[in-house]
Amino acid sequence: MTNDPFARLPEVPAFTVTSTDVEDGRRFRPSQHSAAFGVPGGEDVSPQLSWSGAPEGTRSYAITVYDPDAPTQSGSGTGWSRTSPRTSRP
């Protein structure tokens, strides 16, 4: 039996997130890697993100990225908080 932690979460309203920089299963471009960790070509450039279809009453967003290949034990979680009605991040 596989442990799926998401299976225990309640259903919540969904919305759509798209990106011209991020593709499921693909690596980030070198410029989006961290220069702080000495990654060759790393420039700490954030990926472009857009979102739409937010549930009624949405006031803000928390965006996190988990990188299991990051050079830290934490997976280098990064977050931004954006206030609605903004619908993209350059």
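First, a word on scope: everything that follows refers to the structure included in this document. All values reported here derive from a predicted model rather than from experimental measurement.

**Description of the overall build of the protein**
Along the backbone of the protein there are zero helices and five strands. In the protein, the succession of helices and strands from N to C terminus is β-β-β-β-β. When the 90 residues of the protein are sorted by exposure, 18% land in the buried category. Taking the intrachain contacts of the protein between residues at least 6 apart in sequence as the baseline, contacts between residues at least 24 apart amount to 48%. When the accessible surface of the protein is summed, it comes to about 7,200 Å², and 53% of that surface belongs to carbon and sulfur atoms.

**Here we look at unusual backbone geometry**
Despite not being glycine, D44 has its phi angle at roughly 60 degrees, a positive value. Within the fold, D44 resides in the loop between β1 (16–18) and β2 (49–52). Note on D44: relative accessible area 43%, which makes it partly exposed.

**Some remarks on the pattern of salt bridges**
When charged atoms on two side chains of opposite charge get close, those side chains can pair. For the structure on display, the rule yields two salt bridges. Taking the shortest distance from any N to any O, the salt bridge between D21 and R29 comes out at 2.8 Å. Residue class for R29 comes out partly exposed when judged on its relative accessible area of 40%. Salt-bridge contacts for R26 lead to E23; the nearest nitrogen and oxygen are separated by 3.9 Å. Of the residues examined, E23 reaches a relative accessible area of 48% and is grouped as partly exposed.

**A closer look at the side chain of S31**
Locating S31 in the fold gives a position in the loop between β1 and β2. The buried category is assigned to S31, whose relative accessible area is 17%. In contact with S31, other than residues within four places in its own chain, are G41, G42, E43, D44 and V45.

**Some points on the pairing of β2**
Where a strand is regular, its side chains alternate between the two sheet faces. The side-chain alternation of β2 yields one buried face, formed by L49 and W51, and one unburied face, formed by S50 and S52. For β1 and β2, the ladder comprises three bridges, and the chain directions are antiparallel. Looking at the pairing, T16 lines up with S52 of β2.

**Remarks on the environment of Q32**
Tracing the backbone through its elements, the reader meets Q32 in the loop between β1 and β2. Of the residues examined, Q32 reaches a relative accessible area of 9% and is grouped as buried.

The rules behind the values
Residues numbered from 1 in each chain as written. Predicted model: local features only at pLDDT ≥ 70, side-chain atom pairs only at ≥ 80, totals over all residues. Heavy atoms only, no water. Helix = DSSP H or I, 4+ residues; strand = E, 2+ residues; numbered from the N terminus. Buried < 20%, exposed > 50% of the residue type's maximum accessible area, 1.4 Å probe, protein only. Contact = heavy atoms within 4.5 Å. Areas by Shrake-Rupley, 256 points an atom, 1.4 Å probe, with all protein chains shown as cover. Salt bridge = Lys/Arg side-chain N within 4 Å of Asp/Glu carboxyl O. Pairing = 2+ DSSP bridges.

Purely geometric numbers; function is a separate question.
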